Amino acid sequence: MKKSVIKILTSLVLLTVLAVNGAAVRWDNTVSASNLITPLAVGTIPTTDGVGVSYATHVQNLGWETSWASNGSPAGTEGRSLRLEGIRIKLTGAEIPAGGGIEYRTHVQNIGWEKSWAKDGATAGTEGQSLRLEAIEIRLVNLPANYSVEYRTHVQNIGWETTWAKNGEPAGTEGRSLRLEAIEIRIVKNQADLSAYAAALKAVNQADYTASSWAAYQQVVAANVVTADDLQTRVDQAVSAIVAAQSELVKMPVINSVAAVGQKNIELTGENLGSLMKEAITLPGNTVAAITVSGDGTTAIVTLGTDLPPELDVKVTIKTADKSWLFTVNYTILAQTAEIVSTVYDNDWTNQKLVVLVNGVETTTDYLQLAGYGLRFYGWDEGGNDISQQLFGNDPNTDGYLNGGGFSDDADLTVQVILSKGAGSISSAPAEIKIRDLDNNATAINDYLLRKTSQDGTVDFLNLNNNTLVVGEYARVASLLVSFGEMTEEIRSQTGYQLSSSDTAVIAIDSHHKIIKAVGAGTSEITLTVGPVSKTFTIMVATEQRVATTIMPEQPALTYVIGGSANTMLLRVYDQYGDPFVGNAEAVGIRVYLPTGITGFNGTPILIDTSSELPNFNGEYRLALAGATTGGQTGVAIFRNRDDVVVGSFNINTTVVNNGFIRRLEYDDNSETKADTIDFDRDSSDTITFKIGQYTTEGIYNGDVASLSGYRIMFNGQIINLETGLPEENAVGSVTLKTGAPKHFVMRAKSAGTTDMAVFDASGNLIDKRQITVNKNEIEITGITWRDPGLINYPKTINYRDVLSVTPSYRDDLVKGVTLSLNSTLVVRIDEGSSNPELAGNLYLDRNGSGFYEPGADTILGSLSYSVTGDALGLWTNSSGNGFSGQLVQDGDQGLMIFRLSSESGSSTIATMAVSVNLRTLNLDTDQGGDQTDSANNTVDETTTMSESTLDEGAVMTEQPGSLETETTSDLDSKP
């Protein structure tokens, strides 16, 4: 009895101590565990479907439990005094992210805390060692921030803990030798933190931005609506997308002042001027040609289409969608400085004019005179002699025009201008101008197009917008626009130019095939040379392979016609370098998520169909939509890349198709040009491709006419003609398309001119009528300056050198004194028949600079021929031939040898030259004939000397593609 009392008292004391040291101790082991579960905190959600947890324990005398507990249910035992010896835990559910998991470790009898963490179903604790678990820590790995793991244990002598440990906190006891008998584990999902999301939405105000950019921004906002129930990662992604879209917002311009700063320029000051469109600026009787904005957007120079009237008030109206401004400008020239620009002029071109700067601004002499200024120009040669009369053609000179042909080929001259108004005057400092023979040379490389290509340049892939290549890629110059005086030529072949690289470790050049290869990362300066002119640009070489990062719909919204056949949107896909992205569907990797708010769209993402890629190297694709069934609905289609990042969007509005339709003649997507003007001699723009579009009576596009069989096209067949290969009936100027005709037709330029083109359907109804203009950059000979050889009274071969001014060359000789219909610096040569004797005597424009006539590359301008009319008293027989070879005249010949320069077609005569021949007297006196022969020999020598003197002391500059060479008289020994 005493022993029992002592035991009871001892137990009471121990329990009192425990109660004092731990208020959370559970006393009543008869109360069920479920009655003691702490409720979840406000804002948390227990999760059993998205991410859950399962666990099993190793129990004393029982071993591993055969079934796993899960999501807060107990594992282990209660009321049986059996220790837990080991535990296994794993995550369950469909929303476990890649790399997500759970880790745990235990505090073991005699061992303490385990040094390594078990994870994802592995065992923590021991087996077969009869060692109790005393405490446990559990934590989540790579799960969204608003997921937590919570757990509590059933402890020997204590029971269920009344508070839950979480996220790596210890549950159980340490240093008290108390066994764990059971455990409960649960995954909870806390509500997402929306503070950053709310702050992002409040960061911008609609009134500060342009309507179009705000509409695009709102599409991103609509695609990224989140709530507290979303995962925190989804909220964070939405915030990132919204903040990124805010960087694309365009601020409304603010105009502070407008001032006239030149005869064609006004300057704007303000804020955000980069968003100002030229269409927003109007001036009475004038137009806006361009706007150049400073980098910070605070100033802009507006270039006008015509001059501002000097010293008159002009109203300038600037109007945006939300605001308008009205300013008055007055351009008054108060000349404080005058300057003539030092540059190079040709020795015989007309309409060349000195460039004058007043107060540092280029100002025409006409404008200065209109503003009340008097001008006088002066010129001096290198010896200081006044050559104003020779240089300008009149003295005093008041307009600054140079006198074409009034000076030698190479001269360095000094010029000056004096401006006067009223009693005051200012004079420019003397400026040097150079006079050179610029004929036969290109004058400027205006533009170029780079295209990513195959190693040999035979297969092109995409246009390079930003001059960026990836290591291992190849590129070529797909086209060049080169000026030759007033003419502009497009070079599309791989000849006629040279390439060089400043750093061959970055960019290597295959000079034979004109291929650019990206060798290593970095930048290299590429020099493009055509004749004497060059253009330099930079190519950057990167190492990161191209991926699709941006997609831009052609329009911000698509009207989807229920029952229609053409619910398509043109898309442009770009890579991280800003270049068009071209590749297969998986490479593009962009998916379209259609709005589920539109009935019939099930939300399944659509992978862009790259078979719809248009063959224009611009990364353009056709997205075809189908399935919508109800009109009057709206939604936003979202583009996401493979990382689920939003890369674009567009609105969709549905409407019900009506029965009425309108057909319109339109340009096909693949048309070379989308205008009714084409160029005869430019391969990139000598055709137009048309199709027939169908529209509802509401003006909504409803697809194209699928086949044009039976359609009739009327036109002037001398100006344009139907593309070869299209099924057609051969009827000049009227073509009926046969069965099997595709949905488009191609019209090709045939000759310069203008023609009406009418299109009728198979029933004879007029679809549309257009006026097509064909431009032809034609150049032809309009005149020539003959060389008079005088009376020929000695034996010799009379040919082109006797009647034309030529510069000898070891290629085809250059012909001078030719007047062309267009001012051109291309050289005119005479074909010597080296490649085809039948072409000898043709005068041609050496477009590619090879020095020899090449069919398809050069242009024949005319032909030189001759005919002989013999005198009745002489022995000369009437004959004819080409002017290059000419004819040998000898003893007894007398009459006229008439040279004829005819047009390229031979149908008209441009000019003739008659050469008198009289060798009849050679038969009368042998001694006299001998004297004349000597005279003839002397004359030949003199002629040769004269020809050589034209070579500037034995040398003449002639050209080869991409280089200049010097020919010497020794090169001419084999010439006739």
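Residues numbered from 1 in each chain as written. Predicted model: local features only at pLDDT ≥ 70, side-chain atom pairs only at ≥ 80, totals over all residues. Heavy atoms only, no water.

By the naming in an unreviewed UniProt entry, the chain goes by Clostridial hydrophobic W and is assigned to Acetobacterium wieringae.

### Some thoughts on the overall build of the chain
To be explicit about the condition: A run of H or I in DSSP counts as a helix once it spans at least four residues, and a run of E counts as a strand once it spans at least two, with each numbered from the N terminus. For each residue, the accessible area found with a 1.4 Å probe, counting protein chains only, is set against the maximum for its type, and the residue is called buried under 20%, exposed over 50%, and partly exposed in between. Working rule for contacts: check all heavy atoms of both residues, and any pair within 4.5 Å makes them a contact. Reported accessibility uses the Shrake-Rupley method at a 1.4 Å probe radius. Residues are deemed covered only where the shown protein chains occlude them.
Looking only at helices and strands, the chain features 9 helices and 73 strands. Buried positions account for 44% of the 976 residues belonging to the chain. A sequence separation of at least 24 residues applies to 59% of the contacts in the chain between residues at least 6 apart. Entry remark: accessible area of the chain is about 46400 Å², with carbon and sulfur atoms responsible for 49%.

### Digging into the packing of aromatic side chains
Defined as follows: Side-chain rings of Phe, Tyr and Trp (the six-membered ring for Trp) are treated as a pair once their centres are within 6.5 Å; stacked means planes under 30 degrees apart, edge-to-face means over 60, and tilted covers the remaining angles. Two limits define a charge over a ring: the Lys NZ or Arg CZ must be within 6 Å of the ring centre, and within 35 degrees of the ring normal.
The full count for this structure, using the stated rule, is 13 aromatic pairs. Between Y800 and F884 the ring centres are 5.1 Å apart and the planes differ by 25°, which places this aromatic pair in the stacked class. Pair noted here: Y800 is in helix 8 (residues 800-803) and F884 is in the loop between strand 68 (880-882) and strand 69 (887-889), with a separation of 84 residues, a long-range link. Among the residues examined, Y800 registers a relative accessible area of 1% and is labelled buried. On the basis of relative accessibility, which here comes to 12%, the residue F884 falls in the buried class. Taking the centre distance of 5.3 Å and the plane angle of 65° together, the rings of Y844 and Y853 count as edge-to-face. Y853 shares its class with Y844; the two are buried. Cluster of aromatic residues (ring-pair linked, three or more members): Y209, W214 and Y217. Positioned over the ring face of W68 is K90, at 4.4 Å from the centre of the ring.

### Topic: the sheet that holds strand 40 (residues 522-530)
As a reminder, the rule being used: Strands pair, by our definition, only if DSSP identifies at least two bridges between them. Lines are fitted to the C-alpha atoms to define the axes, a helix being fitted only along its stretch in contact, and any angle between axes, read from their N-to-C directions, falls within 0 to 180 degrees.
Reading across from one edge, 34-41-40-37 is the order of the 4 strands in this open sheet, with mixed pairing throughout. Where the open sheet ends on each side, the last strands, each with one partner, are strand 34 (468-470) and strand 37 (498-501). Sheet twist, expressed as the average angle between the axes of neighbouring strands with direction ignored, equals 30°. The pairing of strand 34 with strand 41 (residues 533-542) spans 3 bridges and is parallel. Bridge pairing in strand 41 links T468 to M540.

### Notes on the sheet that holds strand 49 (residues 646-656)
Each strand in a sheet pairs with another by means of backbone hydrogen bonds, the pair being arranged parallel or else antiparallel. Taking strand neighbours across the sheet as the criterion, the 5 strands line up as 43-49-48-45-46 in an open arrangement whose pairing is mixed. Two strands close off the open sheet at either side, each with one partner strand: strand 43 (557-562) and strand 46 (606-607). Strand direction decides the pairing type here: strand 45 (residues 591-593) and strand 48 (residues 634-640), joined by 3 bridges, are antiparallel. Bridge assignment links Y593 to a residue of strand 48, and that residue is I638.

### Quick look at the confidence of the model for the chain
For the record, the criterion: The pLDDT value tells you how sure the predictor is about a given residue, anywhere from 0 up to 100.
Across the chain, pLDDT averages 79, with 80% of residues at or above 70. With pLDDT under 50 throughout, residues 922-976 is counted as low confidence; its partners more than four residues away or in other chains account for 79 contacts.

### Comments concerning unusual backbone geometry
With phi around 70°, N61 is a residue other than glycine that occupies positive phi space. Within the secondary structure layout, N61 lies in the loop between strand 2 (52-59) and strand 3 (63-64). For N467, which is not glycine, the phi dihedral falls at a positive 55°.

### A look at the pattern of salt bridges
Inclusion rule: By convention in these notes, a salt bridge is any Lys or Arg side-chain nitrogen within 4 Å of a carboxyl oxygen on Asp or Glu.
A complete count under the given rule lists 22 salt bridges for this structure. Of the charged contacts in the structure, one is a salt bridge between R88 and E127, with a shortest N-O distance of 3.9 Å. Linking R88 in strand 6 (residues 84-92) with E127 in the loop between strand 10 (123-125) and strand 11 (133-141), this pair joins segments that are 39 residues apart in sequence. Of the charged contacts in the structure, one is a salt bridge between R546 and D575, with a shortest N-O distance of 2.7 Å. Within this pair, whereas R546 is found in the loop between strand 41 and strand 42 (548-553), its partner D575 is found in strand 44 (residues 568-575), the two being separated by 29 residues in sequence. Owing to a relative accessible area of 13%, R546 belongs among the buried residues under this scheme. D575 gets classed as buried once you look at its relative accessible area, which sits at 3%. Via salt bridges that share partners, K452, E473, R546, D575 and D579 belong to a single interconnected network.

### A word on the pairing of strand 39 (residues 515-518)
Across 4 bridges, strand 38 (residues 507-510) lies against strand 39 in antiparallel orientation. Within the sheet, the bridge partner assigned to I509 lies in strand 39 and is I516. What sits between the antiparallel neighbours strand 38 and strand 39 is a turn of 4 residues, in which K514 has the positive phi angle 60°.

### A short note on the side chain of E137
Operational definition: Any pair of nitrogen or oxygen atoms within 3.5 Å is treated as a polar contact; in protein, a donor-acceptor pairing is required on top of that, and neighbouring residues in sequence qualify only through side-chain atoms on both sides.
Looking at the secondary structure, you find E137 in strand 11. Here the side chain of E137 touches R105 through a polar contact of 2.8 Å, side chain to side chain. Discounting chain neighbours no more than four positions away, the residues touching E137 are E103, Y104, R105, W113, W117, Y151, G168, E169 and P170.

### Considerations on the packing of helix 3 (residues 211-222) against helix 4 (residues 232-246)
Geometry of a packed helix pair, given as the angle between the helix axes and the separation of the axes. Quick reminder of the rule: Angle categories are assigned with fixed cut-offs, so that under 35 degrees is roughly parallel, over 145 is roughly antiparallel, 65 to 115 is roughly perpendicular, and the rest are oblique. Following the grouping adopted for this structure description, the nonpolar residues are Ala, Val, Leu, Ile, Met, Phe, Trp, Tyr, Cys and Pro, the charged ones are Asp, Glu, Lys and Arg, and the polar ones are all others, Gly among them.
Put simply, helix 3 and helix 4 touch, their axes get as near as 9 Å, and they point 175° apart. As the angle between them shows, helix 3 and helix 4 are arranged roughly antiparallel. Of the residues in helix 4, those touching helix 3 at Y217, V220 and V221 are A241, I242, A245 and Q246. Among the residues forming the contact of helix 3 with helix 4, the class breakdown is 6 nonpolar, 1 polar and no charged.

### What about the environment of V417?
Secondary-structure assignment places V417 in strand 29 (residues 411-421). For V417, a relative accessible area of 0% gives the class buried. Measuring from C-alpha to C-alpha, the distance between V417 and Y378 comes to 6.4 Å, with 39 residues separating the pair along the chain. Excluding residues that lie within four positions of it along the chain, V417 makes contacts with I340, L375, R376, F377, I426, S427 and S428.

### Comments concerning the nonpolar core
Put simply, the rule is: Buried Ala, Val, Leu, Ile, Met, Phe, Trp, Tyr and Cys residues that are joined via side-chain atoms within 4.5 Å together make up what is termed a nonpolar core.
Grouped together as the largest cluster of nonpolar side chains are 48 residues, with contacts concentrated most on L268 and I318. Per element, the largest residue contribution to this core is 5 residues, and it comes from strand 29. Not counting residues within four places of it along the chain, the set of residues in contact with L268 comprises I255, S257, V258, L273, L276, I281, T298, T299, A300, V302 and I318. Membership of the second largest hydrophobic core comes to 35 residues, among which are L826, V868, F899 and V917.

### Observations regarding the packing of helix 2 (residues 195-202) against helix 4
How we decide: Crossing handedness: left-handed means the near helix sits turned counterclockwise from the far one by under a right angle, and right-handed means the same turn made clockwise.
Contact pair helix 2 / helix 4: the axes reach a minimum separation of 9 Å and the direction vectors enclose 15°. It follows that helix 2 is roughly parallel to helix 4 by the angle criterion. Handedness of the helix 2/helix 4 crossing: left-handed. For the pair helix 2 and helix 4, contact is made by A196, Y197, A200 and L201 and by V235, V239, I242, V243 and Q246, respectively. Broken down by class, the residue content of the contact of helix 2 with helix 4 amounts to 8 nonpolar, 1 polar and no charged.

### Quick notes on helix 4
Spelled out, the test is: To estimate the expected span of a helix, count its residues, drop one, and scale the result by 1.5 Å.
Given a rise of 1.5 Å per residue, 15 residues ought to cover 21 Å, and the 21 Å separating the end C-alpha atoms of helix 4 matches this to within 8%. Turning to helix 4, its buried residues are Q232, V235, A238, V239, A241, I242, A245 and Q246. The elements touched by buried residues of helix 4 are helix 2 and helix 3.

### Brief notes about the environment of V746
Positionally, V746 belongs in strand 57 (residues 744-749). For the pair V746 and Y667, spaced 79 residues apart in the sequence, the C-alpha separation amounts to 9.9 Å. Here V746 is in contact with T687, I688, T689, N721, L722 and E723, once residues within four sequence places are set aside.

### Quick look at the environment of V108
Mapped onto the elements of the fold, V108 is located in strand 7 (residues 101-108). Its relative accessible area of 2% is what places V108 among the buried residues. C-alpha separation for the pair V108 and S177, spaced 69 residues apart in sequence, amounts to 9.7 Å.

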